[in-house]
Structures are given as C-alpha cells and as structure tokens.
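# Inside the fold
This is what each chain is made of:
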Amino acid sequence: MQPVKAPAIVRKAAAWAVPYWTRGPAGRETPEDLFRVLYYGWLVALTLKLLGSAWDVSWHFKWLRDDLAPPHLLNSAGTALALVLTIVHGYTGYGVDRAALRLIQWGTGIFLVAVPLDLINHRVNGLDITSWSPSHIMLYLGTFFMIAGVIRGWYTGAPPGRERTVLLGAFFAFFLENVHFPEQHQEYGVLSIGAWDNHATYAEPILLRFAADQMGRSVDREMMTAFALPVPDALYPVYAVVAGLSVLVVARMLIGRFGAATLVAAGYVGFRTLAWPLLTFTGFPPSAVPFFLVVGGLCVDLAFAVRMAPARALLGAVGVTAAVYGALAAQSALMGQVYGAVKGQTGLLGAPPLATGTAVWAGAGLLAAWLAFEWWSGRAGRQPIEARVIATATP
C-alpha cells in the first residue's frame, strides 16, 4: 500500500516554512514575507475569536450554558491558532521584540489559565449571572495583553505604507472589542427587559427557570432585572468613557493620522451593526449598539488639533465625556421607540440606563489616563509611523 501524499499546496507551504523553524532570541531579523504571514495569522485568529465572542453573549441570553456551544468552539478555534502563533514567536524569535513577545506570552497564558477556572466556576456556582465575574475578567485580561503584544509587534516591525496603517487600525478595533466586551451584558440586558415589558421574552423557559431557581424566586420582572442588569447603572458610562475611549486615544497616538480614532470606533460599531441582523433574524436576542463610541472617536480626533499635550488632554477629556454622555442620553431617549409589533422585537437603538451624575468621575478618569498617555508618548519619543522600517533576512 502506497503512502498517502500530502496535497501540493501543503508540501509547498511546508517547504517554505521549515527553514525558518530555528531557535532564536526575540527581535531577530525577520523576512518581510514571514512577518506578513505571522501577522495575517493573528488577523485570522482574532477574527475567529471576535465572531465567537459576538455570538456568545447573544447565545447566553437565550440558552442555558453549554461548554461545547458553537460560539465557544468558534472562539476556541481562534485561541488554538493564537497559541500556535505564540509558540512560533517564542521559539523562533521572529516577528516580535522582547516586550511584544512577553505581552503575547503572558496574555495567552492568562487566558489559558482562565478557561478551566471559568469552567470550575460554572460547575460550582451554576449560571454566572454577570459578564463582570472574576473568571470572565481574567479572560478579557489575557486577551488584553495578547492583543497589546500583537499591536506592539506590528507597530515596531511592519514596513511603512497603507497596509501597516490599515492593519494597525484593525488590531486596535479588535482591542476595542475586547475592552468593551463586558459592557455587552447591559446592552443585551436592557433590550431583554424591554421585551419583557412588552409581553415577550428572548430567553428560553429553561434558562429563565434555572436563573430564577438560582436566585430563589419566581420568574418575574425583578428576577429578569437581576439577570439582565445585575451591575450598578454607573458602571456602563464610566467604564465606556475611561476604558473604551482610552483605547481610541492610544490608537490616534500610534496611528498618527486624523480620523484614526473615528475609523477604529466605526470599524467595531460597524461589525456590531452587521452582526445584529445575522443574530436576530436567526432567532437570537438583539442588543443595543454603542454608536456613541463613534461620536467619542470623532471628538478624540478633533482634540488632536490642539498642539499642547496638557491642553489637548484637558479639552479632549471634557469634550469626549460631554459628547459620549450626550449620545448615550439620545440613545436612551429613543429607547421607548425601538419596539416593534412582532414579539417585542427591538431595533438597533437604545442604551442601558444612564447615570448622568457620573459624568464628572468618568471625565476625571479619562483625563488622568490621557495625561498618562501623553507623558508616555513624550518620554518614549516615538517617531511617526512612516519612519520605521523592518529589517529583512533569509533563513
């Protein structure tokens, strides 16, 4: 019996890749084609994780938890590819400097430790009512460091040009999605409560009954509120301004072009907008979409017209906070108008309850973060994005 030969494309890929599989320190000279393959690999891995996570929240507002649910499997495929890329970077030293490698390794490690901890948490405590739980936060934290390392590696090593700018923006959009991810609990929750008030439910009876039994009460509006909006109202706007808009400030600094923050925010919000009909038309619960992030991104871009860093941070923080809270208030005002006639179906608009009195704290937090970023940027003496060129080599 003759041995089965691998397809020609596999043999060709192996012939290209095998010579690069040599041990080396982080920061070694990387051929441009290898560098591109590695980071397009990261683009695929993060896309799989994005698709899985976007489906995951909607899934958990409809079905009782299942470790092998399709969204988990899709996310796991992205994680597996990310692990392979982490091993390649760590063994060969290609495509990353020492700092980028450490960020990627720590991020991947934290994520892999968080997965079994989350499974144990669900085995012990049943439903995890909030996405803000410690085991979930570990998952976000691991992804945070992982993508931060990818951004650094691409930023410091990619050749100048449009491809570099576009992919840097894409990686920041993935970064924004991960930072904003826990807020989706409130974005789905507020529409689920609205549907309940319109005599409809998105969750299956088995999920509602399980959640009610876990809380020790009947299936009623109070139980729905505890399930759908289990965290203080102040958390959503403050976190959105301090954490979400900080990502856009750093994106604008590193990309170095007007419109960068707006486009990063628009990329993420655009994905959420496109995912909305794909989920709702297949029977999954809808969510409010954070359009206010685009408004905040535009204000970040406008703030960079101010040349003095401290003044830019102060005016930017005030303007961004006012614009975001205004946009959230506008979305909240439309909340009562987003319900359709078919089973309480909701539209894209709407927002979680807005605690307007928290604007001062949100603005102060963003100002502190912005000043820290300005200090870091000035101390690092970073060159414009077009000034860095990757070294090339052959294996």
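You'll find the structure just up there.
The numbering scheme is per chain: residues are counted from 1 as the chain's sequence reads. It should be noted that, the model being predicted, local features are given only for residues of pLDDT at least 70 and side-chain atom pairs only at 80 or more, the latter also being counted only at that level, while totals for whole chains, interfaces and linings use all residues. Hydrogens are left out, water is left out, and the side-chain values use all remaining heavy atoms of the structure.

Helical segments are the DSSP runs of H or I of at least four residues, strand segments are the runs of E of at least two, and each set is numbered from the N terminus. Helices and strands together make up the secondary structure of the protein chain, namely 14 helices and zero strands. Within the protein chain, the proportion of its 395 residues that are buried is 49%. Taking the intrachain contacts of the protein chain between residues at least 6 apart in sequence as the baseline, contacts between residues at least 24 apart amount to 78%. With an accessible surface of roughly 18100 Å², the protein chain has 69% of that area assigned to carbon and sulfur atoms. Classification of residues uses two cut-offs on accessible area relative to the type maximum, computed with a 1.4 Å probe and protein chains only: under 20% is buried, over 50% is exposed, and between them is partly exposed. For this analysis, residues touch if any pair of their heavy atoms sits within 4.5 Å. Note on areas: Shrake-Rupley with a 1.4 Å probe; residue coverage comes only from the protein chains shown.

Okay, the nonpolar core next. Buried residues of nine kinds, namely Ala, Val, Leu, Ile, Met, Phe, Trp, Tyr and Cys, make up a nonpolar core once their side-chain atoms join them within 4.5 Å. Counting residues in each nonpolar core, the largest one holds 72 residues, and the members touching the most others are Tyr 39, Trp 42, Phe 171, Phe 172 and Trp 370. Top contributing element to this core by residue count: helix H10 (residues 235–255), with 13 residues.

Basic side-chain nitrogens of Lys or Arg form a salt bridge, by our definition, when they fall within 4 Å of a carboxyl oxygen of Asp or Glu. For the structure on display, the rule yields six salt bridges. One salt bridge connects Arg 36 with Glu 32, and the closest N-O pair in it is separated by 3.6 Å. Of the two residues, Arg 36 and Glu 32 are both situated in helix H2 (residues 32–60); the distance of four residues between them amounts to about one turn of the helix. Note on Arg 36: relative accessible area 28%, which makes it partly exposed. Its salt-bridge partner being Arg 36, residue Glu 163 comes within 3.0 Å of it at the nearest N-O pair. Residue Glu 163 is found in helix H6 (residues 162–180), and its partner Arg 36 is found in helix H2; the two are separated by 127 residues along the sequence. Here the salt bridges do not stand alone but share partners, grouping Glu 32, Arg 36 and Glu 163 into one network.

Right, let's get into the side chain of Glu 374. Tracing the backbone through its elements, the reader meets Glu 374 in helix H14 (residues 359–380). Under the relative-accessibility criterion, Glu 374 is labelled buried at 12%. Here Glu 374 is in contact with Met 253, Phe 304, Ala 309, Arg 312 and Ala 313, once residues within four sequence places are set aside.

Running from N to C, H10 and helix H11 (residues 260–280) cross one another at 125°; their axes reach a closest spacing of 8 Å. Taken together, the axes of H10 and H11 are oblique relative to one another. With respect to the hand of their crossing, H10 and H11 are arranged in right-handed fashion. Side by side, H10 and H11 meet where Leu 248, Ala 251, Arg 252 and Ile 255 of the first sit next to Ala 260, Ala 261, Val 264 and Ala 265 of the second. The residue classification treats Ala, Val, Leu, Ile, Met, Phe, Trp, Tyr, Cys and Pro as nonpolar and Asp, Glu, Lys and Arg as charged. All others, Gly included, are polar. Taken together, the residues of the contact of H10 with H11 sort by class into seven nonpolar, no polar and one charged. Note on geometry: axes are C-alpha line fits, over the in-contact stretch for helices, and angles between N-to-C directions span 0 to 180 degrees. By definition in this entry, angles of less than 35 degrees are roughly parallel, angles greater than 145 are roughly antiparallel, angles of 65 to 115 are roughly perpendicular, and the rest are oblique. The handedness criterion is simple: a crossing whose near helix is rotated anticlockwise from the far helix by less than a right angle is left-handed, and one whose near helix is rotated clockwise is right-handed.

Bear in mind that shape data such as this cannot, by itself, settle questions of function.
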